[in-house]
Amino acid sequence: MPPLLEVKNLRVWFPKERNFFGNPRTWVKAVDDVCLTLRRGETLGLVGESGSGKTTTGFAILRALTPREGSILFCPDGRKTHDLAAMTQKQLRPLRRHMQMIFQDPFSSLNPRMTVQQIVLEPLKVNGEGSAQERKDRVRELLGEAGLSDQFLNRYPHAFSGGQRQRIVIARALALNPSLIVCDEPVSALDVSVQAQILNLMMDLKDKYNLAYLFVAHDLEVVRHIADRVAVMYAGRLVEDGTKKQIFDDPLHPYTRSLLAASPKPDPTGRRSRIVLHGEVPDPSNLPGGCVFHPRCPRAMTCCPEVVPAQTLIDGRNVRCLLYEERYKDCPKLQQTGAAEGKIG
Amino acid sequence: MSETVLEMKEVHVRYDTDDGVVHAVRGVTYSVSLDETLAIVGESGCGKSQSSFAAMGLIQPPGRVPAGEILFREKPGADTVNVLKFHRNSRQMRRLRGGKIAMIFQEPMTALSPVHRIGMHLDEVLCLHTNLGKQERFERACQLLTDVGIPDAEKRYHQYSFEFSGGMRQRIMIAVALACNPRVLFADEPTTGLDVTIQAQILELIKKLQRESRMAVVLITHDLAVVAETADRVAVMYLGRIVELADVDTIFATPKHPYTIALMKSVIGSPLADDGRLQVIRGSVPPPLEHVPGCPFHPRCDSFMPGVCDKVIPEFLPADEKTITACHLYSKKNGN
């Protein structure tokens, strides 16, 4: 059976400047050459700093954005595979019910003029599910699943706290029994104790309905908790992907290592020396040549500014770094100032 | 142990609104010494920012500070002054605020003026609190920008805040706060909204500057991971009260108050959290206008004792030699 979702060489570029004839002259390369696979019932955590293109990747997979290149193979029923990248919006409509989204900010993703009932009912209505009464019963059932009592049916979103709103968003996303849910930072706007409630809810629903999540987040601890596999992005490129254990216990790419080292742990006994990365994520319209990470990389080599690293398969995981490529791995170290250095935390 | 710089005693903050009284801070007591980092942790709306605004004289009507003392020692060995005695617009308060008591505000995007150059923010502080001339102020400002890790300071001095990234804006906020070598620095969520690599840079920077210029830091945050990495002592707040105060190792290893225990268990990766399902705290924080009798946490507490917890407000007392907590489980009179 083909995987639920297979993204191949996805590129999302936005035109920045145009020439006299209106053709793009320079591009903002938000997502460049990204390959991902997501199996049924699996959670793939997509992590990276802001501006690394993780949200754009999620939007492109749902075709909220049109990719410039690449294919998005989606197979909701296990039989027929559709290439979402090549379809028109009209052709996509019947497939939309299989893919849903949970947004980051529950304060702006609910229409303030609609009641909870109307919000959760809307996807059912649009897709012509059941009779009016069946739809209403389904809304009650969905709110129950999301942990909200049905006395809230006729309330408006402003009457709810952030955590409750996120539950409404989840109920809406579940309405049509999707097989894929793209979650864009679903808990980053919530307090810790509420975060735990929403994460538990999402994990329960995943087991119950065999959902696949593409879980976009910048919080590594959250991803460590919920994901089965993890993909790390930097400046629009995928730098490493593998199982959760591989990425967290034995990261290979220097960026993954520094990202993990920078992420604080809620355990004071674990205070240790950490690698502090200097500098910031580069401007996506003016990326450095070769490996995009080389100006900040603590292990950069002389070949890094010239050669774009290819995908290397090591123990079932993909890494894009010249350190692991046979041809380049013995290059001399690049002398640069301002790159990361070890520090006592 | 170094000398205490700032001491809060039973500080209250309340807002009398048309809809009712919001009692944002209900008796907060803590002290912080030189070279020490005290973290104040709590969920949104627990009054952690409000208590520090009181020390800065930033509570504006309809808000007021009806009771309490905030004792501040301006120079080593000097007597303490009660900051709350000064009116927020008085000469004494204006001299302290931004000078000896400084604050890094949350969201550097909104805290910096979009229509003034970055240099103006620094120049204003230096102009108000020092006797330096124009050229000296410019030099000092550039030095500060360099200290907080902004390259090319003389050019950056003339730029606007929108020309800087989030991390760089936070560095500017730090430079403004540190311009006059404060004795106490309140850092209100200094790294919320920043990426982890930038967060690590900013926390390192605050630590480095604290070592160099000797000050007390009060770190206000909801992120327990940041607390574990940076704090010396931790105060946990719930609904306007400190419920537990202990040093960082003790509070993470053996929390006493049921709220702290529940909070630790709900944080992924903390020593008390399980790997599978996360523990959650029942219910939610009551709305600000609601009054909870007795212990504020009793409606959500697993160790709720009827007749005690919902009647009597627990006192803030030592539970053992390391921890001070406000919970009936540990007070001798009602001992379990």
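A few points on the structure. Fair warning: this is a prediction, and the values are worked out from it, not measured in the lab. (Residues numbered from 1 in each chain as written. Chains lettered and ligands numbered in written order. Predicted model: local features only at pLDDT ≥ 70, side-chain atom pairs only at ≥ 80, totals over all residues. Heavy atoms only, no water.)

### Some remarks on the packing of aromatic side chains
So, point 1. Taken as a whole and judged by the stated rule, the model has eleven aromatic pairs over all chains.
So, point 2. Here Y255 of chain A and F293 of chain A contribute two aromatic rings whose centre-to-centre distance is 5.1 Å and whose plane-to-plane angle is 70°, an arrangement assigned as edge-to-face. With Y255 of chain A in helix α9 (residues 254-262) and F293 of chain A in the loop between β11 (274-276) and β12 (312-314), this residue pair connects regions lying 38 residues apart in the sequence.
So, point 3. Residue classification places Y255 of chain A among the buried residues on the basis of a relative accessible area of 0%.
So, point 4. Among the residues examined, F293 of chain A registers a relative accessible area of 0% and is labelled buried.
So, point 5. Taking the centre distance of 4.6 Å and the plane angle of 50° together, the rings of Y238 of chain B and Y259 of chain B count as tilted. Placement of Y238 of chain B in strand β10 (residues 233-238) and of Y259 of chain B in helix α11 (residues 258-266) is noted, with a sequence separation of 21 residues between them.
So, point 6. Accessibility expressed as a relative area gives 2% for Y238 of chain B, which makes it buried.
So, point 7. Following the ring pairs from residue to residue traces out a cluster consisting of Y234, Y255 and F293 of chain A.
So, point 8. Directly above the ring of W13 of chain A sits K29 of chain A, whose terminal nitrogen or CZ lies 4.7 Å from the centroid.
So, point 9. Above the face of the W27 of chain A ring, R68 of chain A is positioned so that its terminal group lies 4.4 Å from the ring centre. (Phe/Tyr/Trp six-rings, centres within 6.5 Å; stacked < 30°, edge-to-face > 60°. Helix = DSSP H or I, 4+ residues; strand = E, 2+ residues; numbered from the N terminus. Buried < 20%, exposed > 50% of the residue type's maximum accessible area, 1.4 Å probe, protein only. Lys NZ or Arg CZ within 6 Å of the ring centre and 35° of its normal.)

### Focus on the interface of chain B and chain A
So, point 1. Contacts between the two partners involve 42 residues from chain B and, on the opposite side, 34 residues from chain A.
So, point 2. The tally of links between chain B and chain A comes to zero salt bridges.
So, point 3. The tally of links between chain B and chain A comes to six residue pairs in polar contact (both at pLDDT 80 or more).
So, point 4. Among the elements that line the side of chain B that touches chain A, the one with the most residues is helix α8 (residues 196-213) of chain B, at nine residues.
So, point 5. Looking at the side of chain B that touches chain A residue by residue, the classes come out as 20 nonpolar, 14 polar and eight charged. (Contact = heavy atoms within 4.5 Å. Salt bridge = Lys/Arg side-chain N within 4 Å of Asp/Glu carboxyl O. Polar contact = N/O pair within 3.5 Å; in protein donor to acceptor, adjacent residues only side chain to side chain. Nonpolar A, V, L, I, M, F, W, Y, C, P; charged D, E, K, R; others polar.)

### A closer look at a negative patch on the surface
So, point 1. Judged by side-chain charge, E136, E139, D152 and E154 of chain B come together as a negatively charged surface patch.
So, point 2. Mapped onto the fold, D152 of chain B is located in the loop between α5 (134-147) and α6 (153-156). (Patch = residues over 30% accessible without salt bridge, like charges linked within 9 Å, V, L, I, M, F, W, Y side chains within 5 Å. Areas by Shrake-Rupley, 256 points an atom, 1.4 Å probe, with all protein chains shown as cover. Lys, Arg positive; Asp, Glu negative; His and termini not counted. Charge placed at Lys NZ, Arg CZ, Asp CG, Glu CD.)

### Looking at the pattern of salt bridges
So, point 1. Counted under the stated rule, the structure contains 29 salt bridges over all chains.
So, point 2. R97 of chain A is the salt-bridge partner of E129 of chain A, the closest N and O atoms lying 3.1 Å from each other. Here R97 of chain A lies in the loop between α2 (89-96) and β6 (99-102) and E129 of chain A lies in the loop between α3 (116-126) and α4 (132-145), a separation of 32 residues in the sequence.
So, point 3. Classification of R97 of chain A by relative accessible area gives partly exposed; the value is 22%.
So, point 4. With its nearest N and O atoms 2.9 Å apart, the salt bridge here joins D16 of chain B to R64 of chain B. Here R64 of chain B lies in strand β4 (residues 63-64) and D16 of chain B lies in strand β1 (residues 4-17), a separation of 48 residues in the sequence.
So, point 5. Using a relative accessible area of 30% as the deciding quantity, one classes D16 of chain B as partly exposed.

### A closer look at empty space enclosed by the protein
Residues and elements named next belong to chain A.
So, point 1. Going through the model one piece at a time under the given rule, you end up with six cavities of 30 Å³ or more.
So, point 2. Of the voids in this model, the largest cavity is the one considered here, and its volume is about 90 Å³.
So, point 3. Lining the largest cavity we find R237, L238, V239, H253, C291, V292, F293, V308, P309 and R320. (1 Å grid on protein atoms, 1.4 Å probe; cavity = no way out; pocket = protein on both sides within 12 Å on 5 of 7 lines; lining within 4 Å. Points joined across faces, edges and corners; volume = space filled by probe spheres on them.)

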